[in-house]
Amino acid sequence: MSFAVIQMVSQSDVLANLAQARRLLEQAAAEGAQLAVLPENFAAMGRRDVAAIGRAEALGEGPILPWLKLAARDLNLWIVAGTLPLPPQDHPDAKSNACSLLIDAQGQIVARYDKLHLFDVDVADARGRYRESDDYAYGNHVVVADTPVGRLGLTVCYDLRFPELYSELRAAGAELITAPSAFTAVTGAAHWDVLIRARAIETQCYLLAAAQGGVHPGPRETYGHGAIVDPWGRVLAQQDQGEAVLLAERDSSEQASIRARMPVAGHRRFFSQGAQRPASER
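Residues numbered from 1 in each chain as written. Predicted model: local features only at pLDDT ≥ 70, side-chain atom pairs only at ≥ 80, totals over all residues. Heavy atoms only, no water.

## Things to note about the overall build of the protein chain
Here is step 1: When helices and strands are counted, the protein chain shows seven helices and 17 strands.
Here is step 2: Here the C-alpha radius of gyration of the protein chain, 18 Å, is about what a compact globule of 282 residues would show, namely 19 Å.
Here is step 3: Principal axes of the C-alpha set define a box for the protein chain whose edges measure 55 × 50 × 40 Å.
Here is step 4: Taken across its 282 residues, the protein chain has 53% of its residues classed as buried.
Here is step 5: As presented, the protein chain carries roughly 12400 Å² of accessible surface, and 50% of it is formed by carbon and sulfur atoms.
Here is step 6: Between the averaged position of the 27 positive side-chain charges in the protein chain and that of its 33 negative side-chain charges there is a distance of 6 Å. (Helix = DSSP H or I, 4+ residues; strand = E, 2+ residues; numbered from the N terminus. Rg over C-alpha atoms; globule rule 2.2 N^0.38 Å. Buried < 20%, exposed > 50% of the residue type's maximum accessible area, 1.4 Å probe, protein only. Areas by Shrake-Rupley, 256 points an atom, 1.4 Å probe, with all protein chains shown as cover. Lys, Arg positive; Asp, Glu negative; His and termini not counted. Charge placed at Lys NZ, Arg CZ, Asp CG, Glu CD.)

Structure representation (structure tokens):
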């Protein structure tokens, strides 16, 4: 049960990005991967016409969805399509979601996850201010799907800071969790490694953290360090910067042993009320 995590340095040119992604997917398939994860914004970085891109894809007039389906069929490969802008399926003129698609080896979309947590923060870098909600609508569903490498939960980037989502994915049967990302260089250096290892450890899942790693239009610099983390929190593969294809295999027996020896899912406790506030705050 082999899978791959792909790191890219995507730019604003969609067709050039797709050509780069195809080359990396071909490498993953040639090395035996059954499933490959592309990073967040794999098809475009730094574009301000997100609404137009999403609308074109929804109407069947864009290049990204046909390319994804063809690549999956040609390579006999399941693909987690990082993120691309897509409006709700029944409202092509609505605001787009930051959408992560799971595509099977026949080129069929088998699951869609719309990013729940949008990156509306201030960062001490050259850009300074990030407001994803200006361009994207919030998702509202937790998504888990069966794949050849195991039951897969879908998340994206900023979701990594919200452990309750990962607890829900584990409760829904996830054995692996994807986290296609484009962490800033500043926040990545501070928190990336801690977050991806923590989410793997607490869920006892493989964490497939595809990343952007380099300089993009905007200006924007991403942290990279795409990685695969096992259910014990060990980093099985990682790439600092630049493009890469990282591969690992799922050891289902070892994963079952970890979960049996430390059955944290059965030890979860729930609270009927919030923590007691200090008297000065009542």
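## Thoughts on the packing of helix H1 (residues 14–30) against helix H3 (residues 64–75)
Here is step 1: As a packed pair, H1 and H3 sit with axes 11 Å apart at the nearest point and diverge in direction by 15 degrees. On the basis of the axis angle, H1 is roughly parallel to H3. In the packing of H1 onto H3, the handedness of the crossing is right-handed. Taken together, the residues of H3 that come into contact with H1 (itself represented by Val-14, Leu-18, Ala-21, Arg-22, Leu-25, Glu-26 and Ala-29) are Ile-64, Trp-67, Leu-70, Ala-71, Asp-74 and Leu-75. (Axes fitted to C-alpha atoms, helices over the stretch in contact; angles between N-to-C directions. Parallel < 35°, antiparallel > 145°, perpendicular 65-115°, else oblique. Left-handed = near helix turned anticlockwise from the far one by under 90°. Contact = heavy atoms within 4.5 Å.)

## Points about the pattern of salt bridges
Any two side chains of opposite charge can pair if their charged atoms end up close together.
Here is step 1: Applying the stated criterion to the full structure yields 15 salt bridges.
Here is step 2: The partner of Glu-26 in a salt bridge is Arg-22, with the nearest N and O atoms 3.0 Å apart. Of this pair, Glu-26 and Arg-22 both sit in helix H1, separated by four residues, roughly a single helical turn.
Here is step 3: When the shortest N-O distance is used, the salt bridge between Asp-114 and Arg-112 registers 2.8 Å.
Here is step 4: Where salt bridges share partners, they join Arg-22, Glu-26 and Asp-74 into one cluster. (Salt bridge = Lys/Arg side-chain N within 4 Å of Asp/Glu carboxyl O.)

## Examining the nonpolar core
Here is step 1: Of all hydrophobic cores here, the largest spans 47 residues; its most connected members are Phe-3, Leu-35 and Leu-207.
Here is step 2: Among the nonpolar cores identified, the runner-up in size contains 32 residues, and Leu-18, Ala-36, Ala-44 and Ile-64 belong to it. (Core = buried A, V, L, I, M, F, W, Y, C linked by side-chain atoms within 4.5 Å.)

## Some points on the pairing of strand E15 (residues 226–229)
Every other side chain in a regular strand lies on the same face of the sheet, so the side chains alternate between the two faces.
Here is step 1: Burial along E15 is two-sided: Gly-226 and Ile-228 and Ala-227 and Val-229, pointing in opposite directions, are all buried.
Here is step 2: Relative to E15, strand E11 (residues 206–209) runs antiparallel, the two sharing three bridges. Along E15, the bridge assignment pairs Leu-208 with Ile-228.
Here is step 3: Sheet topology places E15 next to strand E16 (residues 235–239); four bridges connect them, and they run antiparallel. The partner of Gly-226 across the bridge, within E16, is Gln-239.
Here is step 4: Taken together, E15 and the strand that follows it, E16, pair antiparallel across an intervening segment of five residues, in which Gly-233 is found at a positive phi of about 90 degrees. (Pairing = 2+ DSSP bridges.)

## Re the packing of aromatic side chains
Here is step 1: Within the structure shown, the criterion is met by six aromatic pairs.
Here is step 2: Between Phe-119 and Tyr-130, the ring centres sit 5.4 Å apart and the planes meet at 55 degrees, which makes this aromatic pair tilted. Of this pair, Phe-119 sits in the loop between strand E5 (109–114) and strand E6 (120–122) while Tyr-130 sits in strand E7 (residues 129–131); the two residues are 11 residues apart in sequence, bridging distant segments of the chain. Taken individually, Phe-119 and Tyr-130 each receive the classification buried, so the pair is uniform in this respect.
Here is step 3: The rings of Phe-119, Tyr-130, Tyr-158 and Phe-162 are connected pair by pair, giving a single aromatic cluster. (Phe/Tyr/Trp six-rings, centres within 6.5 Å; stacked < 30°, edge-to-face > 60°.)

## As for the sheet that holds strand E10 (residues 176–178)
Here is step 1: The strand order across the open sheet formed by six strands is E8-E9-E10-E11-E15-E16, and the pairing between neighbours is mixed. Across the chains shown, the open sheet's two edge strands, defined by having one partner strand only, are strand E8 (144–147) and E16. On average, each strand axis in the sheet is inclined to that of its neighbour by 20 degrees, with strand direction left out of account.
Here is step 2: Across three bridges, E10 lies against E11 in parallel orientation. Note on E11: the bridge partner recorded for Leu-176 is Tyr-206.

## A short note on the environment of Val-215
Here is step 1: Of note, Val-215 is situated in strand E13 (residues 215–216).
Here is step 2: The class of Val-215 is exposed, set by a relative accessible area of 57%.
Here is step 3: It is 33 Å that separates the C-alpha atoms of Val-215 and Gln-89, two residues lying 126 residues apart in sequence.
Here is step 4: If sequence neighbours within four positions are ignored, Val-215 has contacts with Val-9, Gln-11, Arg-220 and Glu-221.

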